[in-house]
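Descriptive analysis of the structure
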Amino acid sequence: GDLDKVVNLLLSLSGRLARVENVLNSLGENANSEERSSLNEKRKLLAGQHEDARELKENLDRRERVVLEILGNYFSEEQLQDYQHFVKMKSALLIEQRELDDKIKLGQEQLKCLMESL
């Protein structure tokens, strides 16, 4: 459960940080300095939160190694490899699910814009 939460948190923060940075990069020279300042503050806050989430992930990885050592005393080598594969695939599938959800959302937004333009 912790793995799901931390991976989703990292993905969410990464996406939000990327969007803020994209907006900052797209601001022209004549952009409002208050808006630019606000976006910079938001970027700093998100960057700090992202770093905190990375630390959570590192702690989770350490806990996973401890659990793996304990399970090594009870599982066969094949069972242990299956467990490791399960944990790795779970993270990969969570990331893939998030990417697919984002693509679906983008597609729906594009479809809505197309329908409105007709």
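Thresholds, definitions, all that
- Residues numbered from 1 in each chain as written.
- Predicted model: local features only at pLDDT ≥ 70, side-chain atom pairs only at ≥ 80, totals over all residues.
- Heavy atoms only, no water.
- UniProt positions renumbered as here; feature names shortened; annotations may be inferred.
- Helix = DSSP H or I, 4+ residues; strand = E, 2+ residues; numbered from the N terminus.
- Contact = heavy atoms within 4.5 Å.

- The chain goes by SHRM3 protein in an unreviewed UniProt entry, where it is assigned to Neodrepanis coruscans.
- Per UniProt, the chain carries the Sequence similarities (unreviewed entry) text "Belongs to the shroom family."
- Word for word, the UniProt comment on the chain under Subcellular location (unreviewed entry) is "Cytoplasm, Cytoskeleton".

**A word on the environment of phenylalanine 75**
- Relative to the helices and strands, phenylalanine 75 is located in the loop between α2 (33-72) and α3 (77-117).
- Excluding residues within four positions of it along the chain, phenylalanine 75 makes contact with Leu80 and Tyr83.

**Observations regarding the UniProt feature "coiled-coil region" (unreviewed entry) in the chain**
- Summarizing the sequence annotation, UniProt attributes the feature "coiled-coil region" (unreviewed entry) to residues 17-59 in the numbering used throughout.
- Spanning residues 17-59, this segment combines 86% helix with 0% strand, and its end C-alpha atoms are found 22 Å apart.

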